[in-house]
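Report on the structure
Residues per chain, in single letters:
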Amino acid sequence: MTADQMVAERGLATTVRPLPGTTVPRTAGRTTLDGAFAVTALRRPGAVAVQDAHGPLTYGRADAQAGLLGSLLVRGGVQLGDPVIVHCDDHRQSLVAQLAVLKAGGVCVPVPPGTDEHRLTAVAALTGASAVVCSAATRDRWRYRPVLVLDDPRTLRLTAARRLERALPRSAPHEAAHLLVSGTGRSVTGQLADHVAWQLALTGRSRAAGVPVRQVSVSGPPGTPHALSALWWAVTCGGTLYALPARGTPVPVSARSSVLVSSPEEYDELAARLPMRPRLVQLLGGSVPGELTARHFAALPATPLRAEFAPGGGAFPWTVRDITSPEDALDERVIGRPAPDVRIRVLDGNHRALPARRAGELCAKGAALPFDTIHRLGRAASPTGHPGLPGHPALLRSGTPVLRRADGRLELAGTAAPAR
């Protein structure tokens, strides 16, 4: 379905008054992701937000495009809190699509390009999303759903002919910003994260970096957990996200000393041919193998490595570990200490807290983590997976066995304490 058909079919109001110029969002200050972006767009419209193989995208242009697309989504029937799938094949389009969904008051459901058909079906069924914002390269995967194709000339003509919706932006700090889907095959779950969780997680990372972050480089396609984290880290700092080019293509001078964000799996393939010398390598995902750490310091002896452990393919770190030399990584089972604004619990099979050196399940809660878990459409279970579990109303479960060392650090364990 084209953008024109989407607008016509869903009974849209077509007469609205234009907004009186560019204004600061109603969400004063940096209280929402799109609000923070709009502030930067107002102050520095010509600054580059994303640079990839297709060229630069400025803050001003991205914010203007997102406002028009957000208006189309609202007039197309997207209600507050509605999930909208974002399936784009480049980082520039991914940013504009996410901003548009957030401005419309929707919830972004990012999906990486190349996702197989079975998983796309599972994501659509889990989220109940009725609309998709995508690229021309991914539109054929959504033949039977309303879509807005960002690089379709008809969408561009439609946005040019419309005015901004006066209700925008409709986002709010404690409303869901993203529904992040994880799991394998058709067995998927979704975690709801609000704007505040993103801001706290990214602020904690910026403080740990020690110096202002202005350029963030990322490996791989958009929509993956580490790519989402890199994108929002860059733009909430008012900086630039650089998508690393294909092998053999030179990296811009301004990006050669940037911070690199990757997953351990992506970095394992990238470390041997890294076309830059970043001042910090930030890994997000599972534990970091000792062999990968050794190769990192062999190639980049002066570049610190920071590992954020996010179980289940999540985008929000539970624990963090700073690795400044090969000696720091002798025990690769160590996953570090709790991330800022995260509280860690190690529980046995009966959901009781365990003392140090006793293996149990890694559980966590905190304002810098998702606030709810969805297991299937129409049923929002508590993050524990046990609705109404006494004493743990907001506890996320990882299914990962860990133990707490005497020094407070956490390490992966063989088996968790069994239930009785």
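A few points on the structure. Source: prediction; values computed, not measured.

As a further point, take the environment of Leu95. Structurally, Leu95 can be placed in helix α4 (residues 91-103). Looking at Leu95, the relative accessible area reads 0%, which means it is buried. Between the alpha carbons of Leu95 and Ala62 there is a distance of 7.7 Å; along the sequence they are 33 residues apart. Setting aside residues up to four positions removed in sequence, Leu95 forms contacts with Phe37, Ala49, Val50, Leu57, Ala62, Leu231 and Trp232.

Here we take up the packing of helix α7 (residues 195-209) against helix α8 (residues 225-236). The interhelical angle for the contact between α7 and α8, taken along N-to-C directions, is 75 degrees, at an axis separation of 10 Å. Taken together, α7 and α8 sit at an angle that is classed as roughly perpendicular. Residue-level contacts link Trp198, Leu202, Arg205, Ser206 and Ala209 of α7 to Leu228, Ser229, Trp232, Trp233 and Thr236 of α8. Among the residues making up the contact of α7 with α8, the classes are represented as six nonpolar, three polar and one charged.

Let's shift gears to helix α3 (residues 59-75). Relative to the 24 Å expected for 17 residues at 1.5 Å per residue, α3 spans 24 Å between its end C-alpha atoms, a close match to the ideal helical length. Of all the 17 residues making up α3, 12 are buried; the element is thus mostly covered by neighbouring parts of the structure. Here α3 has its buried residues at Tyr59, Ala62, Asp63, Ala66, Gly67, Leu69, Gly70, Ser71, Leu72, Leu73, Val74 and Arg75.

Bringing the side chain of Ser135 into the picture now. Following the sequence through the fold, Ser135 ends up in the loop between β5 (131-134) and β6 (147-149). Since its relative accessible area comes to 0%, Ser135 is described here as buried. At 2.3 Å, the side chain of Ser135 and the side chain of Gln93 are in polar contact.

Parameters at a glance
- Residues numbered from 1 in each chain as written.
- Predicted model: local features only at pLDDT ≥ 70, side-chain atom pairs only at ≥ 80, totals over all residues.
- Heavy atoms only, no water.
- Helix = DSSP H or I, 4+ residues; strand = E, 2+ residues; numbered from the N terminus.
- Buried < 20%, exposed > 50% of the residue type's maximum accessible area, 1.4 Å probe, protein only.
- Contact = heavy atoms within 4.5 Å.
- Axes fitted to C-alpha atoms, helices over the stretch in contact; angles between N-to-C directions.
- Parallel < 35°, antiparallel > 145°, perpendicular 65-115°, else oblique.
- Nonpolar A, V, L, I, M, F, W, Y, C, P; charged D, E, K, R; others polar.
- Expected span 1.5 Å × (residues − 1).
- Polar contact = N/O pair within 3.5 Å; in protein donor to acceptor, adjacent residues only side chain to side chain.

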